[in-house]
Structure formats: C-alpha cells, structure tokens
Amino acid sequence: FGGLKRTSDRLGDNLSGVLTGQTRLEGATLDEIEDVLIMSDLGPAMAARIRDRLAETRFERGADIAAVKAVVADEIAAVLGPVADPLDIDAFPRPQVILVIGVNGSGKTTTIAKLAHYFQELDYGVMLAAGDTFRAAAIGQLRVWAERLGVPIVTGPEGGDAAGVVFDAVKQATATGIDVLIVDTAGRLQNKRELMDELAKIRRVLGKLNPEAPHDVVLVLDATNGQNALQQIATFKELAGVTGLIMTKLDGTARGGVLVAASEQYGLPIHAIGIGEGLEDLRPFDPRQLADAIAG
Ligand code: GDP
C-alpha cells in the first residue's frame with residue numbers, strides 16, 4: 001500500500017538486526033524491540049504491552065522477522081480495530097453539521113475539500129462554511145476548493161464574526177436541502193482564549209438552530225508532528241470537544257504509530273487518514289492496514 005510506505009519502513013528495518021531465531025525471545029532482545037517500538041511513536045504503554053506479548057510467545061519455527069512482526073501487527077490491530085469509524089451522514093433534520101478543527105497547517109482545509117468530495121461521491125448535497133475568518137488566505141483557499149468541487153460556500157469578510165458565517169450557512173443549507181455542512185474553523189492555538197471563545201460561540205449559535213449541532217467535531221492532526229499530536233488532542237478536547245479524528249500526511253512520515261498511541265490514550269473514533277494532497281487521498285481508516293504498515 002503505497003501511501004503508507006514510509007510508515008512501513010521503520011520498524012522492519014530496525015527489527016531485522018536484533019532477532020535470534022530462538023523459540024523464545026530473551027531479555028536483551030526484548031529490550032531492543034521495545035526501544036524500536038517506542039521510537040515508532042507507539043507510546044511507552046503500548047510498547048511495554050507488545051513486549052509482554054512477545055515474551056509470552058513461543059515461536060515454533062524460531063523468532064524471525066515475519067513472526068515477530070505478526071505479533072506486533074496483531075497487537076496494534078487490537079487497539080485500532082475498535083476506534084475505526086467512518087463519518088456517516090445520518091442527522092435528521094438535515095443538514096448534518098461537521099465542525100472541523102485543528103491547528104493551522106495541519107491540513108484542515110485540504111481535508112475539508114477531500115471530505116466534501118467523499119460525500120459528493122456518495123450523492124450527498126454538500127456545503128462549505130468558511131469559519132476561519134481570521135486568515136484571508138484560508139477563506140480564499142476554501143473558495144477555490146468549493147469552485148473546483150462545484151459546491152456552494154458561505155463566507156464572510158476577513159476578520160468578521162465566524163459564528164455569523166456559520167449561522168448564515170446553516171440557514172442556507174436548511175433552505176436549500178443540503179445534507180452535509182462542513183465548517184472550517186480558525187486554528188490559531190497561539191491565542192487559546194480567543195479561539196476557545198470563538199469555538200464556543202459557534203457552538204452556541206449552532207445549538208440554537210439545532211440542539212444536535214454540531215453533530216461531529218472532527219480534529220485534524222498532522223502525522224508529521226509525532227507525539228505533539230497527542231498534546232493537540234488534549235488541548236482541543238478542552239477547547240472545543242472532539243468527537244473524532246482524521247490524521248493527515250501519513251504519506252510523508254514514518255510516524256503512523258502516533259495514531260496507535262492516540263487510540264490507547266483517548267479512544268476517540270478515527271474517521272479517515274490523509275495520504276496525499278489530492279482529493280482522492282483521503283482514505284477510510286483501515287486498522288489492519290495501518291497495523292501491518294507499522295509492523296512493516
Ligand atoms: P490548514 O492550514 O490546516 O488548512 O492546512 P492545508 O489544508 O492548507 O494544508 C497544508 C499543507 O499540507 C498543504 O500544502 C496541503 O497540500 C498539505 N497536505 C494536506 N493533507 C496532506 C496529506 O495527507 N499528505 C500530504 N503529503 N500533504 C498534505
């Protein structure tokens with residue numbers, strides 16, 4: 001699976017050197033494997049658990065790379081399996097409102113475009129709302145995507161009130177029978193207080209129009225940030241609530257393991273992964289595939 005090649009390389013290369021071919025792995029070998037696992041961003045708890053599993057395992061034909069990887073992959077898949085959860089459009093009354101949050105540069109705008117494309121392919125009526133009014137570039141970029149996709153977009157002036165844009169968007173989406181409204185939001189974590197107020201105001205306005213909205217609060221995380229992604233989950237949970245994750249840029253990094261650490265720690269649904277800059281590069285999250293890619 002090409003998109004995750006970088007993720008696949010790391011663990012496999014590092015494991016090859018330490019294996020003994022014996023039916024039981026010994027302490028020093030287990031230590032080394034545990035180190036490799038920690039460096040793969042799986043997190044210490046997960047690494048320790050896999051180590052325990054490996055210590056218990058009797059390798060009938062000798063502990064070779066394939067046998068060890070199989071144990072690692074199974075253990076990772078057991079963590080990722082329960083959190084895989086595609087975004088479904090099931091809100092009544094329509095529209096389903098999906099708030100997309102994340103720090104600037106995480107791939108938020110691109111992910112919104114990819115999601116819009118994904119829902120269009122499923123024959124849903126999609127609308128975008130440019131709720132990041134802080135950056136003129138963000139509004140412009142989203143507008144370009146909307147034109148390319150042929151979906152309606154609601155924008156406001158730069159520096160304008162984001163909640164006002166969202167209010168207008170929900171009104172228009174409701175009036176025109178839109179199924180999914182995807183809302184971009186500001187991502188300037190440098191000013192947490194302001195961002196928190198702004199997101200809270202958006203939620204308040206949405207809640208007045210439909211008590212169920214926002215139906216989804218999707219946090220976009222950049223895989224190349226490694227362990228920082230974990231801190232971002234904590235921060236955005238506090239700022240805005242988070243109902244699910246999309247991790248981007250898994251094509252450009254060997255750090256897919258951080259998704260496992262995130263699942264261990266937070267258990268949030270993982271909706272999809274990004275493996276490139278194009279519209280088709282949003283993939284459903286397949287736990288087995290990522291587990292195999294991480295294990296190599
Ligand atoms: P935003 O500031 O969070 O809205 O981020 P953007 O959507 O503008 O994305 C920042 C950069 O990351 C852009 O150059 C995107 O093309 C790129 N990008 C987004 N998602 C992916 C991905 O899954 N893989 C790769 N390689 N690049 C991505």
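Residues numbered from 1 in each chain as written. Predicted model: local features only at pLDDT ≥ 70, side-chain atom pairs only at ≥ 80, totals over all residues. Heavy atoms only, no water.

Going by what an unreviewed UniProt entry lists, the chain is known as Signal recognition particle receptor FtsY and is assigned to Flavisphingopyxis soli. As its UniProt record puts it under Subunit (unreviewed entry), the chain is described as follows: "Part of the signal recognition particle protein translocation system, which is composed of SRP and FtsY. SRP is a ribonucleoprotein composed of Ffh and a 4.5S RNA molecule." Here the chain is described in UniProt, under the heading Catalytic activity (unreviewed entry), as follows: "GTP + H2O = GDP + phosphate + H(+)". (UniProt positions renumbered as here; feature names shortened; annotations may be inferred.)

**Student:** Which parts of the structure should I look at to understand the overall build of the chain?
**Tutor:** Scanning the chain from N- to C-terminus turns up 11 helices and eight strands. With the C-alpha coordinates aligned to their principal axes, the bounding extent of the chain is approximately 70 × 40 × 30 Å. Split into buried and exposed, the 296 residues of the chain put 54% on the buried side. In the chain, once contacts between residues fewer than 6 apart in sequence are set aside, the share between residues at least 24 apart is 78%. Accessible surface computed for the chain: about 12300 Å², of which carbon and sulfur atoms make up 49%. Taken as two groups, the 29 positive and 40 negative side-chain charges of the chain have centres that lie 3 Å from each other. (Helix = DSSP H or I, 4+ residues; strand = E, 2+ residues; numbered from the N terminus. Buried < 20%, exposed > 50% of the residue type's maximum accessible area, 1.4 Å probe, protein only. Contact = heavy atoms within 4.5 Å. Areas by Shrake-Rupley, 256 points an atom, 1.4 Å probe, with all protein chains shown as cover. Lys, Arg positive; Asp, Glu negative; His and termini not counted. Charge placed at Lys NZ, Arg CZ, Asp CG, Glu CD.)

**Student:** Quick question: what am I supposed to make of the site of the ligand here?
**Tutor:** The environment of the ligand is formed by 18 residues, the closest being Gly 105, Thr 109, Thr 110, Asp 251 and Glu 277. Here an oxygen atom of the ligand sits 2.9 Å away from a polar atom, N or O, in the main chain of Lys 249. Asp 251 places a side-chain nitrogen or oxygen 2.7 Å from a nitrogen atom of the ligand. Coverage of the ligand by the protein chains reaches 80% of its 580 Å² of free accessible surface. (Near = heavy atom within 4 Å. Polar contact = N/O pair within 3.5 Å; in protein donor to acceptor, adjacent residues only side chain to side chain.)

**Student:** Where do I start with the packing of aromatic side chains in this structure?
**Tutor:** Think of a pair of aromatic rings as described by two things: how far the centres are apart, and how the planes are tilted against each other in angle. Tallying each qualifying case throughout the model produces two aromatic pairs. Between Phe 119 and Tyr 124 the ring centres are 6.3 Å apart and the planes differ by 75°, which places this aromatic pair in the edge-to-face class. When its relative accessible area of 0% is taken as the criterion, Phe 119 is described as buried. Overall, Tyr 124 belongs to the partly exposed group, its relative accessible area being 25%. Its guanidinium or amino end placed over the ring of Phe 92, Arg 94 lies 4.7 Å from that ring's centre, counting from NZ or CZ. The ring of Phe 134 has Arg 188 lying over it, and the distance from NZ or CZ to the ring centre is 3.8 Å. (Phe/Tyr/Trp six-rings, centres within 6.5 Å; stacked < 30°, edge-to-face > 60°. Lys NZ or Arg CZ within 6 Å of the ring centre and 35° of its normal.)

**Student:** It is not clear to me how unusual backbone geometry should be interpreted in this structure. Could you clarify?
**Tutor:** The linkage connecting Arg 94 with the following residue, Pro 95, adopts the cis geometry, with an omega of 0°. If you trace the backbone, Pro 95 turns up in the loop between α4 (65-80) and β1 (96-101). Despite not being glycine, Asp 41 has its phi angle at roughly 70°, a positive value. Inspection of the secondary structure assignment puts Asp 41 in the loop between α2 (27-39) and α3 (44-56). Relative accessible area serves as the criterion here: at 4%, Asp 41 is assigned to the buried category. The residue Asp 123 is not glycine, and still its phi comes out positive at about 75°. Structurally, Asp 123 is set in the loop between α5 (108-121) and β2 (126-131). By relative accessible area, which is 71% here, Asp 123 ends up exposed.

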